[in-house]
Amino acid sequence: MSIVIWLPQLKLHTKPTKDLLASVNTNKVWHEALAWQITLLLGLNSFFTYIMISWLPSILIEAGHTAQHAGALQGAFQVASATPGIILIPLLAKLKDQRILTSLLALVAAFCSLGLLFIPEFAAMWAITLGFCSGACFILGLSFISLRTHDTRQATSLSGMAQCLGYLLAASGPIIAGSLHSYFGNWTTTLWLCAFASALCAVFGYLGGRNITMRSAH
């Protein structure tokens with residue numbers, strides 16, 4: 001049925017402008033340090049987030065929590081990761097420089113990962129705060145794609161770069177975490193890895209959060 005609706009629209013199409021036909025490669029975002037900073041911010045944030053989504057219940061069970069409690073905290077983590085948009089999206093319009101906000105959120109995430117390791121009895125607080133920080137850093141990283149570029153073509157190139165490399169890095173997280181657990185027999189190394197990834201997020205978040213833009217392609 002949908003094709004019947006869309007077929008009449010074919011006669012209404014217009015030719016793309018020369019501006020749109022220009023190759024997005026002319027933006028050379030791969031040569032921009034700022035593009036790599038934003039890409040690594042998103043990639044490392046997703047790296048530890050994917051680890052937590054995949055292994056948080058197992059981490060909590062090994063720390064002494066029941067399976068039911070671990071499952072509930074996993075759900076709380078994911079709900080918390082979806083809430084920052086309510087706060088951040090209106091706030092971003094008022095912030096020209098996001099360095100402190102991004103790096104602070106990432107450092108709190110690193111602290112929470114170590115909290116799960118050293119003070120697991122407060123797992124509810126760590127899981128909820130970690131989820132919030134994860135979602136917040138993700139929203140900030142996505143916003144940088146438009147805030148740090150000059151036009152839609154440059155933003156499209158940066159988006160492709162950040163998502164391609166970022167999700168490749170993120171997809172490796174659960175595999176690396178599982179391999180580390182198999183090798184060491186515990187989640188200690190994995191939680192240190194998550195803390196380290198978050199600390200690097202703080203560095204790249206600080207750099208990517210500066211009120212600057214990439215060089216214009218024109």
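What comes next is a walk through the structure.

When its secondary structure is counted, the chain shows nine helices and zero strands. Going from the N terminus to the C terminus, the chain shows its helices and strands as α-α-α-α-α-α-α-α-α. For the chain, the proportion of its 218 residues judged to be buried stands at 41%. A separation threshold of at least 6 residues defines the contact pool for the chain, and within that pool the share at least 24 residues apart is 84%. Total accessible area on the chain stands at roughly 11600 Å², and carbon and sulfur atoms take up 71% of it.

This part covers the side chain of S159. Structurally, S159 can be placed in helix α8 (residues 152-184). Residue S159 is classed as buried on the basis of its relative accessible area of 18%. At a separation of 2.7 Å, a polar atom in the side chain of S159 contacts the side chain of Q163.

A few words now on the packing of aromatic side chains. Summed over the entire model, instances satisfying the criterion amount to five aromatic pairs. The interplanar angle of 45 degrees and the centroid separation of 5.1 Å between the aromatic rings of W55 and W187 together place this pair among those described as tilted. Within this pair, whereas W55 is found in helix α3 (residues 33-62), its partner W187 is found in the loop between α8 and α9 (188-208), the two being separated by 132 residues in sequence. According to the relative accessible area criterion, W187 is buried, its value standing at 5%.

What follows is about the pattern of salt bridges. Enumeration according to the criterion identifies two salt bridges in this entry. Between R215 and E32 there is a salt bridge whose closest N-O contact spans 3.0 Å. Here E32 lies in the loop between α2 (18-21) and α3 and R215 lies in the segment after α9, a separation of 183 residues in the sequence. Look at R215 and you get exposed, because its relative accessible area is 56%. A salt bridge links R99 to D97, with the shortest nitrogen-to-oxygen separation between them at 2.9 Å. For R99, a relative accessible area of 27% gives the class partly exposed. Taking the relative accessible area as the measure of exposure, D97 reaches 29% and is therefore partly exposed.

Right, let's talk about the environment of I176 for a bit. Here I176 is to be found in helix α8. Accessibility expressed as a relative area gives 35% for I176, which makes it partly exposed. Taking the C-alpha atoms as reference points, I176 and I51, 125 residues apart in sequence, are found 8.7 Å from one another. Aside from chain neighbours lying at most four places away, what touches I176 is F47 and L193.

With that settled, consider the nonpolar core. Core analysis: the biggest nonpolar cluster contains 48 residues, and I38, M52, L56, L60, L116, L130 and I145 have the highest contact counts within it. Contributing elements (two or more residues each) for this core: α3, α4 (67-82), α5 (84-92), α6 (99-118), α7 (123-147), α8 and α9. When residues in this core are grouped by element, the largest group, 13 residues, is from α3. Setting aside residues up to four positions removed in sequence, L130 forms contacts with F48, M52, F77, A109, C112, S113 and L116.

Moving on: α6. Given a rise of 1.5 Å per residue, 20 residues ought to cover 28 Å, and the 29 Å separating the end C-alpha atoms of α6 matches this to within 8%. Within the sequence span of α6, burial applies to T102, S103, L105, A106, A109, A110, C112, S113, G115 and L116. Turning to α6, the residues buried within the fold contact α3, α7 and α9.

Below, the discussion takes up a nonpolar patch on the surface. On the surface, F118, I119, F122, M125 and W192 cluster together into a nonpolar patch covering about 530 Å² of accessible area. Here F118 is to be found in helix α6. Owing to a relative accessible area of 54%, F118 belongs among the exposed residues under this scheme.

Reading the values: rules and limits
Here the residue index of a chain counts from 1 through its sequence in written order. For this predicted model, a pLDDT threshold of at least 70 governs which residues receive local features, and a threshold of 80 or more governs which side-chain atom pairs are given and counted, while totals over whole chains, interfaces and linings are taken from all residues. Here the side-chain values reflect all heavy atoms present in the structure, with hydrogen atoms and water set aside. Every helix listed is a DSSP run of H or I at least four residues long, and every strand listed is a run of E at least two residues long, numbered separately from the N terminus. Classification of residues uses two cut-offs on accessible area relative to the type maximum, computed with a 1.4 Å probe and protein chains only: under 20% is buried, over 50% is exposed, and between them is partly exposed. Two residues qualify as a contact provided that any one of their heavy atoms is within 4.5 Å of a heavy atom in the partner residue. Computed by Shrake-Rupley with a 1.4 Å probe, the accessible areas treat only the displayed protein chains as cover when residues are assessed. Pairs of N or O atoms within 3.5 Å make up the polar contacts considered here, provided that, within protein, one atom can donate a hydrogen while the other can accept it, and that residues adjacent in sequence are counted only when both atoms are side-chain atoms. Two aromatic rings, drawn from Phe, Tyr or Trp (for Trp, its six-membered ring), form a pair once their centres lie within 6.5 Å of each other, and the interplanar angle then sorts them: stacked below 30 degrees, edge-to-face above 60, tilted otherwise. Any Lys or Arg side-chain nitrogen located within 4 Å of an Asp or Glu carboxyl oxygen qualifies as a salt bridge. Among buried residues, those of type Ala, Val, Leu, Ile, Met, Phe, Trp, Tyr and Cys that are joined through side-chain atoms within 4.5 Å constitute a nonpolar core. Under the convention used throughout, the expected extent of a helix is 1.5 Å for every residue step, that is, one less than its residue count. Think of a patch as exposed residues, more than 30% relative accessible area, with no salt bridge, where like charges cluster within 9 Å and nonpolar side chains (Val, Leu, Ile, Met, Phe, Trp, Tyr) cluster within 5 Å.

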